[in-house]
Amino acid sequence: MSGSGTTRTSTVRGVARKFVLGALPPLLVLLAWVHFGSRSAVIPSIPEVARVLAHPFAEPDLDSLSLGTSTLVSLLRVLIGFGLAAATAVPLGILVGRVRIVREIFSPIVEMARPICPVAWLPLLIVIFGRMSVGTLLHGEASWRHELTSQLGVAMIVVIWWGAFFPIFVNTVHGVTHVKTLYQEVAKTCGASRGLILLHVVLPAALPSIVAGLRIGMGTGWMVIVAAEFFPGTRSGLAYMITTADEVGRHEYVFACILVIGLLGVLLNAVLGRLEDRVGRWQARER
Amino acid sequence: MTEAAIEIRGLSKTFVNEAGEEVSVLRGLDLTVAPGEFLCVLGPTGGGKTTLLRLLTGLTPATSGHLRVGGSAPGRGDPVGMVFQQNSLFPWRRVLANVTFPLTIRGIPRREAKARAREMLGLVRLGGAENAWPYELSGGMQQRAAIARALAAGGEILLLDEPFGALDEETRRALQEVLLRIHERRRMTVVFVTHNIEEALLLGNRIVVLGGGRIVAEERVRLPRPRDRLSPEFTEALIRLRRVIGLAPR
Ligand SMILES: Nc1ncnc2c1ncn2[C@@H]1O[C@H](COP(=O)(O)OP(=O)(O)OP(=O)(O)O)[C@@H](O)[C@H]1O
Ligand SMILES: [Mg+2]
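About the cut-offs
- Residues numbered from 1 in each chain as written.
- Chains lettered and ligands numbered in written order.
- Predicted model: local features only at pLDDT ≥ 70, side-chain atom pairs only at ≥ 80, totals over all residues.
- Heavy atoms only, no water.
- Pairing = 2+ DSSP bridges.
- Helix = DSSP H or I, 4+ residues; strand = E, 2+ residues; numbered from the N terminus.
- Axes fitted to C-alpha atoms, helices over the stretch in contact; angles between N-to-C directions.
- Contact = heavy atoms within 4.5 Å.
- Buried area = accessible area lost by both parts, 1.4 Å probe.
- Salt bridge = Lys/Arg side-chain N within 4 Å of Asp/Glu carboxyl O.
- Polar contact = N/O pair within 3.5 Å; in protein donor to acceptor, adjacent residues only side chain to side chain.
- Core = buried A, V, L, I, M, F, W, Y, C linked by side-chain atoms within 4.5 Å.
- Buried < 20%, exposed > 50% of the residue type's maximum accessible area, 1.4 Å probe, protein only.
- Donors = N, O, S within 2.8 Å, 3.2 Å for Na, K, Ca; no water.
- Phe/Tyr/Trp six-rings, centres within 6.5 Å; stacked < 30°, edge-to-face > 60°.
- Lys NZ or Arg CZ within 6 Å of the ring centre and 35° of its normal.
- Near = heavy atom within 4 Å.
- Areas by Shrake-Rupley, 256 points an atom, 1.4 Å probe, with all protein chains shown as cover.
- Right-handed = clockwise from strand over helix to strand, strands pointing away.

**Student:** Can you explain the sheet that holds strand S6 (residues 157-161) of chain B? Please cite residues and give values.
**Tutor:** All names here are of chain B. Ordered by their spatial adjacency, six strands build an open sheet running S5-S6-S7-S3-S8-S9, and the pairing between neighbours is mixed. At either margin of the open sheet sits one strand with a lone partner, and together these are strand S5 (81-83) and strand S9 (214-220). Averaged over all pairs of adjacent strands, the angle between their axes in this sheet comes to 15°, without regard to strand direction. Where strand S8 (residues 206-211) and S9 come together, six bridges link them in antiparallel fashion. Its bridge partner lying in S9, Val208 is registered against Glu218. Where helix H1 (residues 49-57) meets the sheet, its contacts fall on strand S3 (38-42), S5, S6, strand S7 (189-193) and S8, and the angle it forms with S6 comes to roughly 150°.

**Student:** Talk me through the interface of chain A and chain B; I want residue IDs and the actual numbers.
**Tutor:** On the side of chain B, 25 residues touch chain A, which itself brings 19 residues to the contact. Per-residue buried area on chain A facing chain B is highest for Thr189, Cys190 and His200 of chain A; these three make up 30% of the total on that side. Counting the contacts that link chain A with chain B gives one salt bridge. Of the charged contacts in the structure, one is a salt bridge between Arg54 of chain B and Glu185 of chain A, with a shortest N-O distance of 2.7 Å. For the interface between chain A and chain B, the tally reads two residue pairs in polar contact (both at pLDDT 80 or more). Sorting the residues of the side of chain A that touches chain B by element identifies helix H8 (181-189), helix H9 (194-229) and helix H12 (281-285) of chain A as the ones contributing at least two each.

**Student:** Summarise the nonpolar core; cite the residues concerned and give the values.
**Tutor:** In this structure, Val201 and Trp222 of chain A together with Ile6, Ile8 and Leu159 of chain B are the most contacted members of the largest nonpolar core, which totals 100 residues. Considering each element in turn, this core owes the most residues, 13 residues, to H9 of chain A. Excluding residues within four positions of it along the chain, Val201 of chain A makes contact with Val179, Tyr183, Gln184, Ala187 and Leu196 of chain A together with Phe90, Trp92 and Phe101 of chain B. Formed by 54 residues, the second largest nonpolar core is a distinct cluster that contains Phe38, Val124, Ile197 and Leu201 of chain B.

**Student:** Can you lay out the coordination of the magnesium ion (ligand 2) for me, pointing to particular residues and giving the numbers?
**Tutor:** Protein ligation of the magnesium ion (ligand 2) involves Thr50 of chain B (OG1) and Gln85 of chain B (OE1), the donor distances falling in the range 1.9 to 2.4 Å. Taken together, the residues span a long stretch of sequence, with Thr50 of chain B in helix H1 and Gln85 of chain B in the loop between S5 and helix H2 (95-105) at a distance of 35 residues.

**Student:** Describe in detail the packing of aromatic side chains, supporting the description with residues and values.
**Tutor:** By the definition in use, this model includes 14 aromatic pairs over all chains. On the numbers, 5.5 Å between centres and 50° between planes, the contact of Trp161 of chain A with Phe165 of chain A is tilted. Taken together, the residues span about one helical turn, with Trp161 of chain A and Phe165 of chain A both in helix H7 (residues 154-177) at a distance of four residues. Residue Phe165 of chain A is classed as buried on the basis of its relative accessible area of 8%. When the ring of Phe165 of chain A is compared with that of Phe166 of chain A, the centres are 5.2 Å apart and the planes differ by 80°; the resulting orientation is edge-to-face. On the basis of relative accessibility, which here comes to 10%, the residue Phe166 of chain A falls in the buried class. In this arrangement the basic side chain of Lys13 of chain B is found over the ring face of Phe15 of chain B, its NZ or CZ atom lying 5.1 Å from the centre.

**Student:** Pulling in residues and values, what's your account of the environment of Ala205 of chain A?
**Tutor:** Here Ala205 of chain A shows up in helix H9. Along the sequence, Ala205 of chain A and Gly81 of chain A sit 124 residues apart, while their C-alpha atoms lie 26 Å from each other.

**Student:** Lay out the sheet that holds strand S2 (residues 22-33) of chain B with the relevant residues and their values.
**Tutor:** Residue and element names in this part refer to chain B. Read from one edge to the other, the open sheet built from three strands follows the order S2-S1-S4, with strand pairing classed as antiparallel. A single partner strand is all that each edge strand has here, and the edge strands are S2 and strand S4 (64-69). Here the strands of the sheet are splayed against their neighbours by 30° on average, with no regard to which way each runs. With eight bridges joining them, strand S1 (residues 6-16) and S2 adopt antiparallel strand pairing. Looking at S2, one finds that Thr14 is bridged to Ser24. In the packing of H1 onto the sheet, contacts are made with S1, S2 and S4, and the angle to S1 comes to roughly 115°.

**Student:** I'd like a description of the site of ligand 1, backed by residues and values.
**Tutor:** Residues and elements named next belong to chain B. As a structural note, the neighbourhood of ligand 1 is formed by Phe15, Val25, Pro44, Thr45, Gly46, Gly47, Gly48, Lys49, Thr50, Thr51, Gln85 and Glu162. Between an oxygen atom of ligand 1 and a side-chain N or O atom of Gln85, the distance comes to 2.9 Å. Between ligand 1 and the protein, one listed contact pairs an oxygen atom with a side-chain N or O atom of Glu162 at 2.9 Å. Bound to the protein, ligand 1 loses 64% of the 630 Å² it would expose on its own. For the shell around ligand 1, the leading source of residues is H1, giving three residues.

**Student:** Could you give an account of the pairing of S7 of chain B, with specific residues and numbers?
**Tutor:** Residues in a regular strand point their side chains to alternate faces of the sheet. Residue and element names in this part refer to chain B. Of all five residues in S7, five are buried, a share of seventy percent or more. Here S7 shows a buried face lined by Thr189, Val191 and Val193 and a second buried face lined by Val190 and Phe192. Crossover S6 to S7 through helix H5 (residues 169-186) is right-handed.

In structure tokens form, the structure reads like this:
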């Protein structure tokens, strides 16, 4: 690409503009925080919150794991649930999109299950899975020794899986059913079998849509985990820490947790967003 | 007697359109194409030229009639090379990968596929563009890449659907040259669809005119090659062909 003078300048200005304008609302929030934080009993001051964030693994004087461990617990729950969702939704989406009889079997049940908020399943799942966790699965009864893995409850992971499954599934189905007929016909004239067409035409053509589904699914998973951790019976995680801290009026922990939730959400979205841009580059430039 | 490269007898195709009406596009068409022949198919827009090629590749099933391509039923034998009317390069593959595609499908090892694809790109004079993305190419370059891919797909039979329709005069001429040179060298059977009479006369050994779902006129072209479109013989042949088409029953 030839970066001519004018385009270069305008991109520099564009970036500067984006940063300056984009920084205005957070700045306002920060100012408001400074203003109200010093005269409110509810809103903690910035240094108080900063202290919590600066020592993430310090034991809090709360009935909760440290901020760092709580973050790790929430993150691992989401990543495992998301991984299971990706590993099931993509293959099933491809099958449903490509094989008529599979579509006819699964479409009704998927459409019925989709609108149910995943958190609604949690009480039932807790009854079903009890205290079963990644820890009990890996280490059996001695799992209490493994602080982290014993917190990765199966019920919680299934809820994340449920939440992340549908965006990935729907996008995969859309991707594989909207491949231009022309491209598939080119492959057919080259003598490609159904399997080879799937591998060399349908999947690459659907990849941008599938990755978009992964990004949205990750976002959903991250939202669902916070809602799920507010449920009674939960003993760890960022949202659990928020509840516990709130009960004893330690709002600096509440604020720190909210900040971490926001930042990690942005980060996860950015990682998958970059991947999405990469695999979708050809699509954006297609004429 | 050598076997025909393409044999069509009593071929009919009727579509049912969205409104539920029957559209009869081909009605009992007969046509035989000899191996190594360069056949041009002329016909009005909507005359069924694309349909004919789609039937030959097996992409669309015939309503009735007998059809053999390279000795097999359409789509059953060796793959045939097809250049589509619209840009059909895979946008997620670079130019070279587009041309290796049919070779990959056939299970030819990567290294060899690449070497052969480079050779095809050389034939259409696109050697410098192998790492480009399709969207980076001009329309004429895209068509050349599509021709290279079709050449890689089918050794013996090449079908082209108005491949130069959207190009300017100069590019069109350059590509006609390229195609003739390739045919000269490889002697494959070519079916070239166009609605440009001059183009048909410049390229074909034989020209057939499609009308009302059948071949309504046929002309063997005996002009020596290389053909000069400014020569009196060419002009004369052009005038005669125009008259034949004008007199042909619709
Ligand atoms: N899938 C289809 N369903 C219904 N009608 C069709 C279908 N495909 C083609 N037709 C009809 O068949 C006729 C011939 O179409 P075809 O594309 O073969 O014409 P053509 O000779 O290639 O025209 P052009 O020179 O414009 O490309 C047209 O009337 C078209 O509407
Ligand atoms: Mg056509």
